[in-house]
Amino acid sequence: MKRILTFLAFVALIFSTQEAFAWGGWAHRFITYTVEKHLEPEVKTKIEKYLGSSMVDHCSWMDEIRKPIRNPKHPEHDYHLKWEHTLAWHMITADKNLQLSNERAYNNDGDLLPNLKVCIENLKNHRNLTDSAVVVNLKCVIHMIEDMHCPCHIYYTEFPDCFRKPGVKYRWDLFAVEYEGKPSTNHKIWDGESILALYPEYGEDYAKFQAKLDNLSPKKRAKMCEGTPEDWALETAKDCRVIYEWIKPNDKVYREFLLKHRNLTIQQYHRSVYRLAHVLNETMK
């Protein structure tokens, strides 16, 4: 783990010398935009100083660094060898009893949860780290807490093909469906479309979505942030299993379906926002 984080810190140093820019991923950017509204002013200022700009510009860094290399001889196995070990860092794994598992771990390094815990501990000690190490741990914590609350980022071992085509080890997101008459995936529906579908008249305007959805009272937000990352992961695994009963491969899905199940979407959005803000406020004081 120390070796991996040291290498990541080196990469973060390289990126910190470049002009900041958004990596992509509307849902990540929107959630991060909302998180910034709940940071203590001194924490927000400190994080922006480390990152060089708004957190929104860096929230999808973990996706960008593992973009695949195309291999025309074996396209079904395209992936970025250098970042193979981070693939499982985006996922929580739950077994058939809805207990947390490590079945999809790579290199004996665990999936999202153990790596998130290491990064959180590193941020608690951020005053004793190099700036580049703080940068990479911030980017990882931002991305992983957001990912762990996305309904489609739990790998259920009872559904071995819920993320990948049988026989293809390193490709997720191949649970094909049709959304509004166009080819899509189950992952794409829950990883952004489910929020955008709530208010299509808003387009991709973060501020309008935030004003409409960021509405829990301080008391409810505090209650939601109780517990540990393990508790949050288990809670998400239990609450989100139902999406594999709602949608099956090759189903035709429409906006009305997402409106019907909006409570799950909004619940997971709230959890992601308030818990990430809570962790950053606690670790980056």
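To keep things clear, this report deals only with the structure shown in the data block. (Residues numbered from 1 in each chain as written. Predicted model: local features only at pLDDT ≥ 70, side-chain atom pairs only at ≥ 80, totals over all residues. Heavy atoms only, no water.)

This part covers the overall build of the protein. The number of helices and strands found in the protein is 13 helices and six strands. Evaluated residue by residue, the protein yields a buried proportion of 51% over its 285 residues. Intrachain contacts of the protein at a sequence separation of at least 6 include 72% that bridge at least 24 residues. Of the roughly 13,500 Å² of accessible surface on the protein, 52% is carried by carbon and sulfur atoms. (Helix = DSSP H or I, 4+ residues; strand = E, 2+ residues; numbered from the N terminus. Buried < 20%, exposed > 50% of the residue type's maximum accessible area, 1.4 Å probe, protein only. Contact = heavy atoms within 4.5 Å. Areas by Shrake-Rupley, 256 points an atom, 1.4 Å probe, with all protein chains shown as cover.)

Moving on, we come to the sheet that holds strand 2 (residues 100–101). Spatial ordering of the open sheet is given by 2-1-3, a layout of three strands whose pairing is mixed. On the outer flanks of this sheet lie strand 2 and strand 3 (154–156), each paired with one strand and no other. When strand 1 (residues 92–94) meets strand 2, the two strands line up antiparallel, connected through two bridges. By the bridge assignment, Ala 94 is partnered in strand 2 with Leu 100. (Pairing = 2+ DSSP bridges.)

The next subject is the pattern of salt bridges. For the structure shown, the criterion picks out 10 salt bridges. Among the salt bridges present, the one from Glu 230 reaches Lys 117, with a minimum N-O distance of 2.5 Å. Pair noted here: Glu 230 is in helix 10 (residues 229–240) and Lys 117 is in helix 5 (residues 112–124), with a separation of 113 residues, a long-range link. Overall, the relative accessible area of 29% leaves Glu 230 in the partly exposed class. Among the residues examined, Lys 117 registers a relative accessible area of 37% and is labelled partly exposed. Of the charged contacts, one joins Glu 282 and Lys 285 as a salt bridge, the two residues approaching to 3.7 Å between their closest N and O atoms. Shared partners join several salt bridges into a network, and the residues in it are Glu 235, Asp 239, Arg 271 and Arg 275. (Salt bridge = Lys/Arg side-chain N within 4 Å of Asp/Glu carboxyl O.)

Computed from the structure, the second largest pocket encloses a volume of approximately 200 Å³. Every residue along the wall of the second largest pocket is listed here: Lys 117, Ile 120, Glu 121, Lys 124, Gly 227, Pro 229, Trp 232, His 278, Val 279, Glu 282 and Thr 283. Residues belonging to the lining of the second largest pocket are distributed by class as follows: four nonpolar, three polar and four charged. (1 Å grid on protein atoms, 1.4 Å probe; cavity = no way out; pocket = protein on both sides within 12 Å on 5 of 7 lines; lining within 4 Å. Points joined across faces, edges and corners; volume = space filled by probe spheres on them. Nonpolar A, V, L, I, M, F, W, Y, C, P; charged D, E, K, R; others polar.)

Those residues of helix 3 (residues 41–51) lying buried are Val 43, Ile 47 and Leu 51. Mapping the buried residues of helix 3 onto a view down its axis gives an arc of 60°, with all of them on the same face. Counted as exposed and oriented over 90 degrees from the buried face of helix 3: Pro 41, Thr 45 and Lys 49. Residues of helix 3 that are buried make contact with helix 6 (131–148) and helix 13 (262–283). Gly 52 sits one or two residues past helix 3 and shows a positive phi near 90°. (Arc of directions from axis to C-beta.)

Turning our attention to the side chain of Arg 275. Checked against the element boundaries, Arg 275 lands in helix 13. Within polar-contact distance, the side chain of Arg 275 engages the backbone oxygen of Met 224 at 2.8 Å. Contact partners of Arg 275, with chain neighbours within four places excluded, come to Ile 145, His 149, Met 224, Cys 225, Trp 232, Glu 235 and His 270. (Polar contact = N/O pair within 3.5 Å; in protein donor to acceptor, adjacent residues only side chain to side chain.)

Our focus in this paragraph is helix 7 (residues 186–196). Burial within helix 7 is extensive, with eight of its 11 residues counted as buried. Among all positions of helix 7, only Asn 186, His 187, Ile 189, Trp 190, Gly 192, Ser 194, Ile 195 and Leu 196 are buried.

Where helix 2 (residues 26–36) meets helix 8 (residues 206–213), the closest approach of the two axes is 10 Å, and the angle between their N-to-C directions is 60°. It follows that helix 2 is oblique to helix 8 by the angle criterion. Crossing angle aside, the handedness with which helix 2 passes helix 8 is right-handed. On helix 8, the residues touching Trp 26, Arg 29, Phe 30, Tyr 33 and Thr 34 of helix 2 are Tyr 206, Ala 207, Phe 209, Gln 210 and Leu 213. (Axes fitted to C-alpha atoms, helices over the stretch in contact; angles between N-to-C directions. Parallel < 35°, antiparallel > 145°, perpendicular 65-115°, else oblique. Left-handed = near helix turned anticlockwise from the far one by under 90°.)

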